[in-house]
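Chain by chain, the residues:
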Amino acid sequence: MHYALICTDKPDSVSLRMETREQHLIWLKAHQANGQAVFGGPFLDDEGTMIGSLLIVDMPDRQAAEAMAADDPYAQAGLFASTEIRAWKWVVGKPEDMA
């Protein structure tokens, strides 16, 4: 099942995000390689500064999605003010529909 991980950075935390970004990207690519991270990227403010993250994951259940979210180097560094996990149904733009 797909889940949306919707993460909001703490205020004034750009430096923490940048310090942790390389570890986060390595972690993310490993989950992409095993099929768990479907797609994602940062939320931006009007000036283009990263202020949060959206990650769509393919996990067997909510508990697995919660565990994955907790394992994110960003989360472990204390970057996020909040993390929301929602079950998500992919309707538009699925790769198999593009072929």
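Residues numbered from 1 in each chain as written. Predicted model: local features only at pLDDT ≥ 70, side-chain atom pairs only at ≥ 80, totals over all residues. Heavy atoms only, no water.

Caption draft 1: Spatial organisation of the overall build of the protein. Within the protein, the secondary structure is distributed over 4 helices and 4 strands. The order of α-helices and β-strands along the protein, N terminus first, is β-α-β-β-α-α-β-α. By principal-axis analysis of the C-alpha atoms, the protein measures approximately 40 × 30 × 20 Å. The buried share of the protein, reckoned over its 99 residues, is 31%. Counted over contacts in the protein with a minimum sequence separation of 6, partners at least 24 positions apart contribute 69%. About 6,200 Å² of surface is accessible on the protein, with carbon and sulfur atoms providing 54% of the total. (Helix = DSSP H or I, 4+ residues; strand = E, 2+ residues; numbered from the N terminus. Buried < 20%, exposed > 50% of the residue type's maximum accessible area, 1.4 Å probe, protein only. Contact = heavy atoms within 4.5 Å. Areas by Shrake-Rupley, 256 points an atom, 1.4 Å probe, with all protein chains shown as cover.)

Caption draft 2: Broad picture of the packing of aromatic side chains. Applying the stated criterion across every chain yields a total of 4 aromatic pairs. The interplanar angle of 65 degrees and the centroid separation of 5.5 Å between the aromatic rings of F39 and W90 together place this pair among those described as edge-to-face. On the criterion of sequence distance, the pair formed by F39 in strand β2 (residues 37-44) and W90 in the loop between β4 (80-88) and α4 (95-98) is long-range, its members being 51 residues apart. The class for F39 is partly exposed, based on a relative accessible area of 37%. (Phe/Tyr/Trp six-rings, centres within 6.5 Å; stacked < 30°, edge-to-face > 60°.)

Caption draft 3: The arrangement of the nonpolar core in detail. Counting 17 residues, the largest nonpolar core has L5, L55, V57, M59, A65 and M68 as the members making the most contacts within it. When residues of this core are traced back to their parent elements, those giving at least two are β1 (2-9), α1 (14-33), β3 (50-58), α2 (62-71) and β4. At 4 residues, the largest contribution of residues to this core is made by α2. Apart from the residues within four sequence positions on either side, V57 is in contact with M1, H2, Y3, L5, Q36, V38, A65 and M68. (Core = buried A, V, L, I, M, F, W, Y, C linked by side-chain atoms within 4.5 Å.)

Caption draft 4: Layout of the side chain of D72. One can find D72 in the loop between α2 and α3 (73-76). Buried and unpaired, D72 has no salt bridge, with R17 as the nearest side chain of opposite charge at 7.8 Å. Engagement of the side chain of D72 in a polar contact is seen with the backbone nitrogen of Y74, the distance being 2.8 Å. (Lys, Arg positive; Asp, Glu negative; His and termini not counted. Salt bridge = Lys/Arg side-chain N within 4 Å of Asp/Glu carboxyl O. Polar contact = N/O pair within 3.5 Å; in protein donor to acceptor, adjacent residues only side chain to side chain.)

Caption draft 5: A look at α2. Buried within α2 are the following residues: A64, A65, M68 and A69. Buried residues along α2 cover an arc of 140 degrees about the axis, so they all sit on one side. In this fold, the buried residues of α2 make contact with β1, α1, β2, β3, α3 and β4. Of the residues flanking the start of α2, the one acting as N-cap is D61, its side-chain oxygen 3.2 Å from the backbone nitrogen of Q63. (Arc of directions from axis to C-beta.)

Caption draft 6: Main features of the sheet that holds β3. Strand order in the open sheet made by the 4 strands is β2-β3-β1-β4, with antiparallel pairing throughout. Of all strands in the sheet, those bounded by a partner on one side alone are β2 and β4. Averaged over neighbouring strand pairs, the angle between their axes works out to 15 degrees when direction is ignored. (Pairing = 2+ DSSP bridges. Axes fitted to C-alpha atoms, helices over the stretch in contact; angles between N-to-C directions.)

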